[in-house]
Amino acid sequence: MKKQILSALAISILAVSCTKSTTKTEQVKNPDGSVTTTTTTVTETPAGVDSTKINETKKEIHEKVEKTGDKINNTAQKTKEDIKSGAQEIGKDVKDAAAKGAEEVEEGAKKLKEDLKR
């Protein structure tokens, strides 16, 4: 999905950069003394556009988008693995702490039992 969005954005920028707009404003004085203003916008795509160059540019953009998408996916995968290993370490630390705590409780219970026998 990310790659498609990046590709669409790049292609739209390319298409816009190949378009030329011209705006003309014309004022005409009427016989009654009023003025009429006409604004005309002409948008044209140059006839001499080199489609080969456009296709090459689209291919380059597509390759760059692919690389960027791959980098994003690799970073996400690495982050996922780091989180997983971190969670495993935390789980191990919690187990060790619980075992040590249980051991101390058992020792305390033994001492109490011995004290009660006296």
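Residues numbered from 1 in each chain as written. Predicted model: local features only at pLDDT ≥ 70, side-chain atom pairs only at ≥ 80, totals over all residues. Heavy atoms only, no water.

1. Here's the deal with the overall build of the protein
Thinking step 1. Secondary structure assignment for the protein yields two helices and two strands.
Thinking step 2. Traced from its N-terminal end to its C-terminal end, the protein shows the element sequence α-β-β-α.
Thinking step 3. Buried positions account for 5% of the 118 residues belonging to the protein.
Thinking step 4. Taking the contacts inside the protein whose residues are at least 6 apart along the sequence as the reference set, 46% of them involve residues at least 24 apart.
Thinking step 5. Taken as a whole, the protein presents about 10,400 Å² of accessible surface, with 56% of it coming from carbon and sulfur. (Helix = DSSP H or I, 4+ residues; strand = E, 2+ residues; numbered from the N terminus. Buried < 20%, exposed > 50% of the residue type's maximum accessible area, 1.4 Å probe, protein only. Contact = heavy atoms within 4.5 Å. Areas by Shrake-Rupley, 256 points an atom, 1.4 Å probe, with all protein chains shown as cover.)

2. Things to note about helix 2 (residues 51–117)
Thinking step 1. Its 67 residues place the ends of helix 2 98 Å apart at the C-alpha level, agreeing with the 99 Å of an ideal helix rising 1.5 Å per residue.
Thinking step 2. For helix 2, every residue scored as buried is listed here: Ile-61, Val-65 and Gly-69. (Expected span 1.5 Å × (residues − 1).)

3. Let's talk about the pattern of salt bridges
Thinking step 1. Applying the stated criterion across every chain, the model contains one salt bridge.
Thinking step 2. Between Asp-82 and Lys-78 there is a salt bridge, with the nearest N and O atoms lying 3.6 Å from each other. Here Lys-78 and Asp-82 lie together in helix 2, a separation of four residues that amounts to about one turn.
Thinking step 3. Overall, Asp-82 belongs to the partly exposed group, its relative accessible area being 43%.
Thinking step 4. Of the residues examined, Lys-78 reaches a relative accessible area of 52% and is grouped as exposed. (Salt bridge = Lys/Arg side-chain N within 4 Å of Asp/Glu carboxyl O.)

4. As for a negative patch on the surface
Thinking step 1. Together, Glu-103, Glu-104, Glu-106 and Glu-107 give the surface a local cluster of negative charge.
Thinking step 2. In this structure, Glu-107 sits in helix 2. (Patch = residues over 30% accessible without salt bridge, like charges linked within 9 Å, V, L, I, M, F, W, Y side chains within 5 Å. Lys, Arg positive; Asp, Glu negative; His and termini not counted. Charge placed at Lys NZ, Arg CZ, Asp CG, Glu CD.)

5. Some thoughts on the confidence of the model for the protein
Thinking step 1. In the predicted model, the protein carries a mean pLDDT of 81, and 79% of its residues have values of at least 70.
Thinking step 2. Averaged pLDDT values over the elements of the protein bottom out at 65 in helix 1 (residues 2–17) and peak at 88 in helix 2. (pLDDT = per-residue confidence, 0-100.)

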